[in-house]
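The lines below spell out each chain.
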Amino acid sequence: MTSAEQGRRHSPVRAGCGHPHHCPRATRMKVLAATPLFRECGDALADIDSRMRAEAWAAGEFLYVAGHSGDNLYVIASGRAKAVRSDPEGVDTIVSVLGPGDLCGSLWHLGETGYAESVQALHTTCALRISVEDFRRLLVDYPQVAVSAFDEVSRQLRDVGDVLAKTSTGTVTERVAHALCRLAEKFGESSADGLLLQLPLTRADLAAMTGATTESVSRVMSQMRRDGVISTGRQWTAVRDMSRLRELSGEFPVL
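The text that follows walks through the structure, step by step, so that each part is easy to find. Computed from a prediction, not measured in an experiment: that's the story for all the values here.

**Observations concerning the packing of aromatic side chains**
Then, in step 1: Across all of its chains, the model carries three aromatic pairs by this definition.
Then, in step 2: Where Trp-57 meets Tyr-74, the ring centres are 5.8 Å apart and the plane angle is 70°; that geometry is what we call edge-to-face. One end of the pair, Trp-57, is in strand 2 (residues 53–57); the other, Tyr-74, is in strand 4 (residues 72–78), and 17 residues separate them in sequence.
Then, in step 3: On the basis of relative accessible area, Trp-57 is assigned to the buried category, the value being 1%.
Then, in step 4: Judged by its relative accessible area of 1%, Tyr-74 falls in the buried class.
Then, in step 5: Judged by centre distance (5.6 Å) and plane angle (25°), the ring pair of Tyr-64 and Tyr-74 falls under stacked. Here Tyr-74 lies in strand 4 and Tyr-64 lies in strand 3 (residues 62–64), a separation of ten residues in the sequence. As far as the burial class goes, Tyr-64 and Tyr-74 line up, both buried.

**With respect to the sheet that holds strand 4**
Then, in step 1: Read across the open sheet, the five strands follow the order 1-2-9-4-7; overall the sheet is antiparallel. What marks the edges here is a single partner per strand, and that holds for strand 1 (19–20) and strand 7 (103–105).
Then, in step 2: Bridging between strand 2 and strand 9 (residues 125–131) involves five bridges; their strand directions are antiparallel. In the sheet register, Ala-56 faces strand 9, and the bridge partner there is Cys-126.
Then, in step 3: Along the sheet, helix 4 (residues 132–141) makes contact with strand 4 and strand 9, crossing strand 9 at roughly 70°.

**Describing the pattern of salt bridges**
Two side chains that carry opposite charge are able to pair once their charged atoms sit near each other.
Then, in step 1: Evaluation of the coordinates by the stated rule reveals eleven salt bridges.
Then, in step 2: Note that Asp-49 and Arg-28 form a salt bridge whose closest N and O atoms lie 2.6 Å from each other. Taken together, the residues span a long stretch of sequence, with Asp-49 in helix 3 (residues 45–50) and Arg-28 in helix 2 (residues 25–34) at a distance of 21 residues.
Then, in step 3: Classification of Arg-28 by relative accessible area gives buried; the value is 18%.
Then, in step 4: Among the ionic pairs, Arg-51 bridges to Asp-141, the shortest N-O distance being 2.9 Å.

**Some remarks on the environment of Val-119**
Then, in step 1: Considering the arrangement of structural elements, one finds Val-119 in strand 8 (residues 118–121).
Then, in step 2: If we skip the residues at most four places from it in the chain, Val-119 touches Glu-61, Phe-62, Leu-63, Tyr-64, Ala-81, Lys-82, Ala-83, Leu-98 and Cys-104.

Conventions and cut-offs
- Numbers given to residues run from 1 along each chain, matching the order in which its sequence is written.
- For a predicted model such as this one, the threshold for reporting local features is a pLDDT of at least 70, and the threshold for listing and counting side-chain atom pairs is 80 or more; totals across whole chains, interfaces and linings nevertheless cover every residue.
- For the side-chain quantities, the full set of heavy atoms in the structure was used; hydrogens and water were omitted.
- When the centres of two rings from Phe, Tyr and Trp lie within 6.5 Å, Trp using its six-membered ring, the rings pair. Their planes under 30 degrees apart give stacked, over 60 give edge-to-face, and anything left gives tilted.
- Secondary structure is summarised from DSSP: a helix means a run of H or I of at least four residues, a strand means a run of E of at least two, and numbering begins at the N terminus for each.
- Throughout, exposure labels follow a simple rule: accessible area from a 1.4 Å probe, protein chains only, divided by the maximum for the residue type, with under 20% read as buried, over 50% as exposed, and the rest as partly exposed.
- Pairing between strands requires that DSSP locate at least two bridges from one strand to the other.
- By definition, residues are in contact when any of their heavy atoms lie within 4.5 Å.
- To get an axis, fit a line to the C-alpha atoms, keeping to the stretch in contact for a helix; angles then go from 0 to 180 degrees between the N-to-C directions.
- Any carboxyl oxygen of Asp or Glu that lies within 4 Å of a side-chain nitrogen of Lys or Arg is treated as forming a salt bridge with it.

Structure below.
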């Protein structure tokens, strides 16, 4: 999202706009245990949890904004959010859609001064927040977290690279199908219609995920509906034929 769009839709836009939130301890511990960064910490999870604060954002609010002071790491506890990067020309790319257990924030760029992306809540979202200073202490106290942090940063950078590479190659159909495959594999819920994605992603959002225009994304989605690959409704998409979707994305179907 460009600065002008942020100003029109959310005025003022500010980082750290979360509201204090009571997240039950059992939920926090479950989230931390499932997070790659902390899943090997065992009995240390209680201490790690004590260093974090739960905050919540309504749909449309920003957890943080690109360029603002990058002084926190967030672990998504509930809800969904999208991470958006802008190139020098102001073209936005959605590099990831975040859900419970996902990390965002200062983990990307420890030692730098600003966030590299903006993260906006798609639903009401709760996240556990820890400051850069406290996270650095955590790395000293628990070396296994430092090792996991290196692995996680490497994985996230690789995933972003894959997304950006995909948006610069292939047909619009391949790019849209690839984006839907990624979302279905991460968020899909079994239903009578197939893998249900209860995500309020607009055609403009899918365009920002694929480097395509909103009009071309709409045409591809319409064709997929006619072919029985997907079905759609208000704020949801169902993948009815995952094998066919993988074929359209250029990936070999999993048998």
